[in-house]
Amino acid sequence: MNQNIKIEYTKKFRKQYSKLSPKIREQFKKRQRLWLHDPYNPQLHLHMLTAEYAGLYSINITGDMRALYEKIDDAYVIFGFIGTHSQLYG
């Protein structure tokens, strides 16, 4: 990936993000920068999801916090969800 990628956020993502602590928001920004620079960095644990979230990818933000996105193509992604493992996967 690179810095020229277009990133959008769904209304759901923005709502979930707005409820996060400032510390977690800052951690998301750091992990997103890392993801842009090196999407396969082991810290991110990048993987494709199945079942309810089939077609989406997950990256680790903290030990329990995840951000989920859809890859439209190599230059365009949409972040759809952010939350703890239990919030997202029940």
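Residues numbered from 1 in each chain as written. Predicted model: local features only at pLDDT ≥ 70, side-chain atom pairs only at ≥ 80, totals over all residues. Heavy atoms only, no water.

Is there a simple way to explain unusual backbone geometry in this structure?
Note: most residues except glycine have negative phi, and most peptide bonds are trans. In this structure, His 45 is a non-glycine residue whose phi angle is positive, near 50°. Take His 45: it is sitting in the loop between α2 (22-37) and β2 (47-48). Using a relative accessible area of 47% as the deciding quantity, one classes His 45 as partly exposed. If you check the backbone angles, Ala 51 has positive phi at about 55° while not being a glycine. Its relative accessible area of 69% is what places Ala 51 among the exposed residues. (Helix = DSSP H or I, 4+ residues; strand = E, 2+ residues; numbered from the N terminus. Buried < 20%, exposed > 50% of the residue type's maximum accessible area, 1.4 Å probe, protein only.)

Please clarify how the nonpolar core should be interpreted in this entry.
With 18 residues, the main nonpolar core has Phe 28, Trp 35, Ile 59, Ile 61, Ala 67, Phe 79 and Ile 82 as its most contacted residues. Within the residue set of this core, elements represented by two or more residues are α1 (11-18), α2, β4 (65-73) and β5 (76-84). Looking at which element gives the most residues to this core, the answer is α2, with five residues. Excluding residues that lie within four positions of it along the chain, Ile 82 makes contacts with Phe 13, Gln 16, Tyr 17, Leu 20, Phe 28, Ile 61, Met 65, Arg 66, Ala 67 and Leu 88. Counting five residues, the second-largest nonpolar core is a separate cluster that includes Tyr 53, Leu 56, Leu 68 and Leu 88. (Core = buried A, V, L, I, M, F, W, Y, C linked by side-chain atoms within 4.5 Å. Contact = heavy atoms within 4.5 Å.)

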